[in-house]
Structure formats: structure tokens, C-alpha cells
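# A structural walkthrough
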Amino acid sequence: MKTTLSINGSGHDLDLDPRVTLLDALRQHLGLTGSKKGCDHGQCGACTVLVDGRRVNACLTLAVMCEGREVTTIEGLGAPGALSSMQKAFVEHDGYQCGYCTPGQICSATAMLEEAKQGWPSYVSDDLESRPALTREEISERMSGNLCRCAAYPNIVDAIEDVAGSER
Amino acid sequence: MKSFDYLRAGSTGEATGAGGAATRFIAGGTNLLDLMKLEVMTPDKLVDINRLDLKAIEETEDGGLRVGALVTNSDLAADPRVRRDYAVLSRALLSGATGQLRNMATTGGNLLQRTRCSYFYDTAMPCNKREPGSGCQAIGGYNRIHAILGASDSCIATHPSDMAVAMRALGARVEIEGTDGTRRTQDLGDFYRLPSDTPQVENALGEAELITAVILPAPVTSRQAYRKVRDRASYAFALVSVAAVVAVEEGKIARADLAFGGVAHAPWRNEAVEAILVGEAPSDALFDRAADTLLEKAKGQGSNDFKIPLLRRTLKATLRELTAEAAR
Amino acid sequence: MSETIIRKMQMDEPDERRVLDLTSQGLIGRPVTRPDGPAKVAGTASYAGEILPEGTAFGVLVRATIAKGKVASLDEASATAMPGVLGVFTGERFLRNPAQGGADAAPVQGASEVAYFGQPIGLVVGETYEDARHAAYTMGVTYEPADDASVDLDTAKSERPDAKQLDQGDLDAAMAGAAHGVDVTYTTTPDSSAPMEPHASVASWDEEGVLTLRGSYQMLRHNRIELADALGIETEKVRILAPFVGGGFGSKLGIAPEAVAASIAAKALKRPVVVAMTRQHVFEGTIRRSETSQRMRLCTDADGRLTGFGHDSKVSNLPGESFSEPLAMTTHFLYRGENRRIGHEIRRVNRTCAGSVRAPGEAPGMLATECAMDELAEVCGLDPIELRKRNIPDQQPENGTPYGTRLLAECLEEGAHRFGWADRKAPGERREGEWLIGMGVASAARTNMTAPASARVTLRADGTALVETDMTDIGTGTYAILTQIAGEMLGLPADRVEVTLGDTDFPPGSGSGGSWGASSTGAAVMLACEAVREQVCLRMGVEPSALTMRDGEAMAGNTRRTLEEVVGDEPVAATGDFEPGSTTEQRVMASYGAHFAEVAVNQTTGEVRVRRMLGVFSAGRILNERTARSQCIGGMIWGIGEALTEDLVHDPRDGHVVNRDLAEYHVPVNLDAPPIEIAFLEELEDWGSPIQSKGIGELGICGSGAAIGNAIYNACGVRIRDFPATPDKVLAGIISEEEAGRLSSGQEK
């Protein structure tokens, strides 16, 4: 099935089996292996990418469903010589160990800060109606869709706090 | 995942027109693709309904809200009217899944989530829900996450949704469009089915019918809570959950709309429990009587026996919390 | 290039030169950021299964759906008739069990026999992943089930190997005559390593019959031998590449079925084949940690000095597997007690193969010993820290061997001070609404091990150094610490050292396992650098003792030359070879520490949340404060999983893994992890490695779960002896305490 995907600002014309997920399209058909496959069932968050600016699990989206949407992957956030502030903060705070969940964590964290800016509450927000303060607990709850088996969680929270603080 | 034809619907009529026994609508896809990868669900055709105009949250004439079927869980939870007037729903949504999944999952899709029963998920296991007549392997197996209320000899699965539990407490109605283009609404309580001897039939949705909206009645003066007990601090399905919309007037309970998750094949509501509470002054003894009625026919399956005392305690604590100021 | 020089060291005596203290670059111990960091955060670091050569076909494994028996038929014909399917592969070389760590030989092979539910029995290869997956998941298989499958632990045949039993003095008499004692049994459930990167292999063969396998493995020198043996080819015909490994935690110590399956299919199809295990396959078909049952019998005199220590354990594994969870690893040396009994029973079951998962032995073993010590402290009327301090032995209590460096008491004391241990109250006394708050402590100990390791270091014409070894970095920080060691030794800033790992064409490193990577491969790099330094001296005509290397310059007396000048157009290369030796018998060596945890227990629901943790550790020289800290934090959070959430469930009827996904196997999430403080106490261990370090990768998990279990008791008076402490178990205890009148309902205000 012919599909055009817009990824990191450029268009890609693909002919895909409708069964191909966005994640497999990125990894196997476009060579964008920064998005990782940890479970393929939306249970680990390693495949997190942004679709129209929102974080989603690329493993639970069919590529053909993404036509006309803007997909941003870790490769679109920054490159080794030109890292985004979130990517730099992860290096500085050792917010990873093996690195496999890391692109998903960073995509997730980047979008999560936008959600918080829009005033979205979380399950741990005391008050649903006021603007939530991005405490460590709030960051942890909002990042709980990204498993890290190396368990760099406290360092991940440090990195995100750092970026959130400097953007404030 | 079996091969399928993919069709993008431009209108609800086009969607229902393409429907049928072997067709599934796909919106968020978070549960459908999960199950299709494992060959638990094997549709011949997927109809992508994401382009349909069902994304609005609108006020109804009677002061309630009409939530389009394609409103994402994130958008619904963050909507200022929901946060203000239907806090139980916002909390329930935020307690479910993860930020990523809530950005994908839709209101209609969430209602139609399949059970998380491990035996349903594994095609090597008999399962009456997946393969009617094959048997239930959860009975006599590892059934820690299974039902204590309303189960049958055919199936002891639970419904995994948090959102639907809150909606059940709020008295929500489901709006359904039939193949002839007409829309009807149905109380959420009537929408779901208990397993009986046909656990494969989970709701009242006919073949090719499409959920177009959920309608919330006008808000009521109340205190609301969604309390979810789970195995880890976040990102786990409910062991038990309680959705409560409670009002106390002049020291007496004036309203106690209660629904329960993690305990049955559908969000559970028992009006006899509410009748015990309404009109009475809140007390531990009263809450115990309510819990007695709720749990009168509760039956554990072995690994899930703990849910019986857990549900009692969680219900009581929730009632205590919501009636606390009045009791003082 | 001049001939490579080889510098060998076998650790038969302590190395008291402390070479890393004599150099002056100032890199060692510093919290330098990982050189591999930018690639990891940008998504350009390539893991197994990500670099697919042109024409790669996709393979998906087929699982057995009986516990034991024979595969009567695989319906290959109908599978290959499906669109895009290229072939079905199985056979006598197909792995039945995954390999144990360091096996150096093929594990049990032969896919026609089934030994556990979920065992891989075939591979379907397709043009696309989608085609292969559908065919593999719907493949028709018929079986001849055996009628003697053993899936029930209670009725399984068991073995008690003589070498794993110890009986010293008279424990029964000591227990009977003791002033204080406890006799309690702890149980723990099976766990899965669940690394974030599922096992994956890309196999391709060249015209000379050389197999290149891009895999996700921890110990390539061994994995290469295992793979070659499994395929029946010479070791030299196998090259394994694993520059990045997405976590291992034991599950990638030995080769797993996907590596052999991919290799067999690639050879037959004459094209590259990638096999990435699904998450479900990882749970069922790679190694698990055994469940355990541990009877602890501890007794003391009136002063709380241990007179007896008994640790009788039961574990399980597949019939014929040599590995059994060594639960008494630390029991042998951690505490006193002249009357000792260590029993070990292995039950043979048809369940997923058991093997090494992070800190095999200590992780579940110390959960039992350190909780039992807490129980003992209570019956002795002693503070749990005081009980531990009173029972630190002067010499190994079974054979009298002296100890290496050991700051256990200091860690406990420092931790008590930092954590505010003095504020701990009696069970049930600290309440915040529905939450009961408690504190717990546990010792940490992990036997120090080293392994043979080689590394080559080349000083290049541009004044940079290249380090080459097949050592892996599974997240441990190998890239960082080898960069630091080479930079320190050769006087180079970190950005002038290039470390290349994970290629069996390079000298064989120790591999990553048993917390030995840094001390072993780090020693090899240090030795290679020593030889390089001597060559620099020769070229400069100076004495080694006079040489200083710093910031890319070599200095001696009045001579100062840049490394570019020294090297000229003739790079200097040397290989370091490190071998463990008899020092492991001369000294009892281990890393130590103290864990502190504060938990909140919800009295209504039995939910437990960890509020804060502290780990104070001593592990010899800390090579990189940042990565060492991360290792400890990670290990401590594994302790949260072990204590509270992780439970790999086998169906009691057929042994199949029920919760074979990450939705129902509960790895801790971000919100489960509290703020964690880490402190290191300085020490240098000369007997283990010439770089004075000890193992740190597993220390964090050793005892942390017990600190949580003990904190639960301190919070609410419920003693959990069956881990993990899920809400159902804690709630059952709370209800008992309430009914016995020992815990108030908290509602009477």
C-alpha cells in the first residue's frame, strides 16, 4: 500500500504492507533505528516518538495510519554534534546506562514538558484544576510509561528537572 | 498478525457500511494491534476511523457533556469542564496506562478494551472468550487479576478500563450509530454484558455498529474520588478500584453513586449498596453494611481471594474520605 | 607498526605498587560523562538487529506449547505456502536451552524434544517480519506429550549435591542451647532479567564459511566458542559483534536460541537473517532466576553473638542443568557462628531454564539472610545495626582465611548517621493518615571475582590512544572507565582516547558478568599501558621511574616531548593480559555496604511505596564516581522490584509462564523509584586487581530488598517472608495484626 510519511520534516514515499507498524517502518524501512523495540506491545515506551507533537508508542500505530501526520523521532531532536537540551541533560546526569530505552525516554520527556506547560494534570496532582508544579513526583508519574531496566530513574528525573528549570 | 485490508473511512456512514463480522474499526489501536500481533484478534479488514469528526467535547442541552468517541484519553482528562465537574473521570483516566497510551487511546476504544486475562492473551490456552467452547484455563490457574463478582463457569475475566468505571458511576450513556445511520443511546450499565455462558459477547454493540459518543449527565453537587489499588505505583491495571460520587447534606448521605473496577467482567455497580447509604449518617458501621451487600455474592478463585477484603477496605476508606468533613 | 608487546600478570600476590596513584592525568575516579553518551542519546548507537545487510530476511521463533515430550510434526508445508515465507528451520543443532554464563560449549540442543513450555522449536523465515511472524504464530505443530512432565515443585525429583552442602559443628545443639534464636523460612518467586533490548542476532556467512553474528551478548569470548560448538564449526570461523548491548543482567551471558537459529537459517538461505526475540519469547526462552525457599536458623549467646548459622535452600532448574542459584554465597563469610549448616537442594522441573540473573545467589539469598538477621535482632533486643556489627568475623568462619579490605561496620555506621537511623520508631508508631512509615537496614555484600582479560592499547601517530578488546559495555560504563584508565596511564585527556569494544577480532576481554568487568579488563588495559609507557621511555632514553605523562606530553628530567613527537610514524602497541591467581584463595574478597530504606505501607490496601533509600558502599577504588553511582542506584531499584513487584508466574498445571509481558511482569517504573542517596567509602584492595578496584555492578541489589522488607516490618509489624511483598500479602498481614489487636485501625481520632 502506497503511503507518504513525513518524518523529521521530510517526506518519504513508501509501499508498505498495512501490517507494518510505524516503529517497523522507521527501523526496517527507513533505517531510523533510534526508536527502539523493547516489547512491541506498548508496555515499555522504548519506541516513543512524537506524532503531531504528541508522544505515542510507535509500536501500536500502523504506518499507514500516520499519513498526513508529522512524525518526530529521536533523530529529529538532535544529533551527536548538535544535541537538544534534553539530550545534553541526559548525558550530564547519566540518565541512562545501556542506552536502549534512552531515545524513548528523551522523546517522552520532551513531549511531557509540553503537556505540563499546557497545564495537563496527572494522577499525582493534588488539585486537578490548578496548574501543576513539576515536582519530582510529578515528573516520575508522567515518565512512568518509559521503563528503564538499568533503573536510571533518579538520574532521568534529575535531567528533566534540569531542563524544566532552565526553561522556566 | 493476519493480513487485512485497510480502509480509511471519511464518514461514519462509510465506516458502518464497511463493517461486518470480520471487520474492526481502528482508532487509537492500543489494544487492537496488541491483540492482533498475538493472533488473538484476526480481522480481515480494518476500518481506520481516525479521520471522522468525532473529536469534540460539547455541552449538551441539559448541562451535561457529549464526548466524541475519538476524543483521546489525554484530552478528556485535561478538559477544564471534566476536571471541574467530573473529577472522578479525570482521575480515572489519569490513573490508567501511560502518557503515551493516553495520547492514543480514544473514548470509544477505551470502552471496548478486552480483558487482560493471561489465558485470553495466549492462543495456546483454551479460552471461552477467544474460542467459544474451548474452556476456561483461568479457573484453576493463576487468577490473581480475575473477577470476584458476576463471573461464570465459562469466564472469570475482568474488564480493565478505569475510564469506564468512572463513567458508570457518573451514569454515562453511550451513543451508537447503526448501519442505517440512526443513532441511539444506551445506559453504560446496559451496554456491558456479564460473561454468563457467552463471554465472547461483551457488550450490546451490533455488528458494524459504531460508538460515536459518550454522554455525561449534568454535573451534580458532590465530592468525587477514584481510588485505584495496584501492584506498582503507576502503570499497572487495578487490582480493585472504586469510583465514587458522594454528597452529604445536613449530616446525611444524599448521594452515593459508586462503581467498581478490577472485580468483574464489566464496571460494577450495585444500586442496593447505594440505597443502604443514602439517607443515613456516615459511619463505619454503615459502610460495613454497604460493603456486606456489595460483597454478598463475591467469590474468590484462589489467587484473587484477597480482592474481597481489599474491596471492602477500599470502599470504606473512600467513603470515609468523601464524607469526612460532614462527619466532623 | 612495531611488534605488539605482551604484558602479563597473574594475580598470585597483591600488587601494592598502586600504579594508578603514581600517574598525574587526574582522570581516575572523576565523574567523567560517558564517551558513548552522545550516540546513545541521539539514537545513533547501533544495537543488535539494527544494522541489516542488503537482502536480510526476517526470522521469528516458534514456541512449544507442551511442558515435555516430542515434536511429532511441524507443518512446514503449509507454513512455507504462506505468502513471503522462505523456510522453516529446526533440527538437532537448534538450541533447546539457553547457554549458562561461561559455558564455553553448546548448551543442550535438539528441537525435536521439548523440555519446557515456551521452548523454541523452530524458526520461520520470511521476506518480511510481518510474514514470518504470522506464519510462526499460526504454525501447526503436533506433539507426543510425555506423561512424566515435572511442573510441580512439591513433587519434583530433587538432588542434594555433596559439594554444595556444609555441616560444621552442631547446629541443632547450638539452636537448642542458645540464648536467642530464630528458625524461619523465606521464599522468593522466580524473576526475569528483562533487559530492555530483547535478544537479537543478525547472522551472515561469507564465501569462506566465516559467520559474522551481530548479537546482544555479554561475554563474547565465551559466546563465540558456544556458537561455534553449537554449529559444529571452528571457533575461528565465528566473529561476534556487540558494540552496544541493551542490558543483559545475566540473560545474555551465554548464547540464546535466536543466535543459532539465525545462523542455521542464514547458511541455508545464503542470505543474512535477523532473529529478534519477541518480549514473550524473552520471558519464556531465555534464562530466569529460580524461585527459592530458604530456611534460616540463626542463634546467639546472651550478648547477641552468633553461635549458629543455618541456611538450607531449595531452588529449581531443568533436568541436567549444572547451574543452581548459589544462595549461600555470602553466608559463608558475612557473619560469625561456629556451628554452621548450609544445605542446598535442586528440584528438577520442566520450566524455563534457570541461570544467572544479576547477583545470582546474593540477590535472593541476602533477602533471606538480612531479613532473618532483622528478626534475630528483635528477639535479641538489639538494634539491627549493632547485631550486625557484633557479628563481623575476624576470619572466615569456615576455613580461617583472612579478609581483604572490608568496611562493613563503617558503612553501617556512616549510613545510620546519614539516614537518621536514630529516629526510627517501633512498628506501628509512625503514621501519616492511612500510611504507616518505617525504616529498615541491611548489609550489602557481593563476592569479588575477576576473570581472564586481554586488551590492546596503541599509541597512534596523532598522539591519541586506541583501546581494543572484545569486552562489552552493557550499560556498566566500560567505555568510560577504560577511557579513563588509558588516559590516566598515558597522560591523555579523555577526548584523546578511543575505546572500541564488542568485536571478537580484538583481544578477548573478561566480558560483562559477575561484576568483574572493570577490575579484570581494566587491569588488562592498565598492563598494556604500562608496556606502552616503557616503550615511550626507551624511545626517549629515560628511566621509567622518571617518566611523567600528562596532557599529551611525556616528561622526564629536562626532557619534554609531545606524544606525536614520541610516536612519530611508528605507533606503539601493547597487549595486556590479566589472569586471576591464588590471591582469591589467600584472601576473602568482597565488596560491602549498607542499605537503608524508608517505606510507607498503606494500612487500607497493603500497598507499599519506598520513600527514600541510602546506600553506603565500599568497593575498592572507584574508577568513575558517576557511573559507579548509577550502577548502585540501578541495583538498589532492582531490590525494589525483588522486594515489591517482580514475580514471574508459572502455571501450576503445565509450568508455562503466565505473565510473559511487561504489562503483567512488573519491572519497577519511574514512580516506584524514590530519591536515592549513594555514598562511597574510600579503600584500595591490592589483592584483587592491580587497579585496586572491586566489583560494583551487582552490589546495589545485594541486600536492598531486605532493607525494604525490614522497613515494612518496622512500619506496620507485618513480617513478610514470601517475596515480593505485593499488596495481597501485606494486607493479609495487616488484617492479622489488626485482629490480634497489635495494630490500631487508625480511625479512632
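Above this note sits the structure.
In what follows, the accompanying structure is described. (Residues numbered from 1 in each chain as written. Chains lettered and ligands numbered in written order. Predicted model: local features only at pLDDT ≥ 70, side-chain atom pairs only at ≥ 80, totals over all residues. Heavy atoms only, no water.)

## Examining the packing of helix 3 (residues 85-92) of chain A against helix 6 (residues 153-167) of chain A
All names here are of chain A.
- Relative to each other, helix 3 and helix 6 sit at 140 degrees, their axes nearing to 8 Å. Classified by the angle between their axes, helix 3 and helix 6 sit oblique to one another. Judged by the sense of rotation from one axis to the other, the crossing of helix 3 with helix 6 is right-handed. Taken together, the residues of helix 6 that come into contact with helix 3 (itself represented by Ser85, Met86, Ala89 and Phe90) are Ile156, Ala159, Ile160, Val163 and Glu167.
- Of the residues belonging to the contact of helix 3 with helix 6, the class tally is seven nonpolar, one polar and one charged. (Axes fitted to C-alpha atoms, helices over the stretch in contact; angles between N-to-C directions. Helix = DSSP H or I, 4+ residues; strand = E, 2+ residues; numbered from the N terminus. Parallel < 35°, antiparallel > 145°, perpendicular 65-115°, else oblique. Left-handed = near helix turned anticlockwise from the far one by under 90°. Contact = heavy atoms within 4.5 Å. Nonpolar A, V, L, I, M, F, W, Y, C, P; charged D, E, K, R; others polar.)

## Quick word on the packing of helix 11 (residues 478-490) of chain C against helix 12 (residues 517-540) of chain C
Residue and element names in this part refer to chain C.
- The contact between helix 11 and helix 12 brings their axes to 9 Å, and the two run at 25 degrees. In terms of their interaxial angle, helix 11 and helix 12 are classed as roughly parallel. For helix 11 against helix 12, the interelement crossing comes out right-handed. Across the interface between the two elements, Ile481, Leu482, Ile485, Ala486, Met489 and Leu490 from helix 11 touch Ala518, Thr521, Gly522, Val525, Met526, Cys529, Glu530, Val532 and Arg533 from helix 12.
- Considering only residue class, the contact of helix 11 with helix 12 consists of 11 nonpolar, two polar and two charged.

## Topic: unusual backbone geometry
- Residue Pro724(C) is bonded to the preceding Phe723(C) through a cis peptide linkage, with omega at 5 degrees.
- Tracing the sequence through the fold places Pro724(C) in the loop between strand 32 (722-723) and helix 17 (727-739).
- One non-glycine residue with positive phi stands out, namely Asp40(A), at about 65 degrees.
- Structurally, Asp40(A) can be placed in the loop between helix 1 (22-29) and strand 3 (48-51).
- Classification of Asp40(A) as buried rests on a relative accessible area of 6%.
- In this structure, Asp94(A) takes a positive phi of about 55 degrees despite not being glycine.
- Looking at the element boundaries, Asp94(A) is found in the loop between helix 3 and helix 4 (102-117). (Buried < 20%, exposed > 50% of the residue type's maximum accessible area, 1.4 Å probe, protein only.)

## Side note on the pairing of strand 10 (residues 240-249) of chain B
Residues and elements named next belong to chain B.
- For strand 10, the tally of buried residues reaches eight of 10 residues, placing the bulk of the element in the interior.
- Here strand 9 (residues 223-229) pairs with strand 10 via seven bridges, running antiparallel. Pairing of Ala225 across the sheet is with Ala244, part of strand 10.
- Direction of pairing for strand 10 relative to strand 11 (residues 252-261): antiparallel, over a ladder of nine bridges. Its bridge partner being in strand 11, Glu249 is matched across the sheet by Lys252.
- Between strand 10 and strand 11, which pair antiparallel and follow one another directly, the connecting turn spans two residues, one of which, Glu250, has a positive phi of 50 degrees. (Pairing = 2+ DSSP bridges.)

The values are spatial; any link to function lies outside them.
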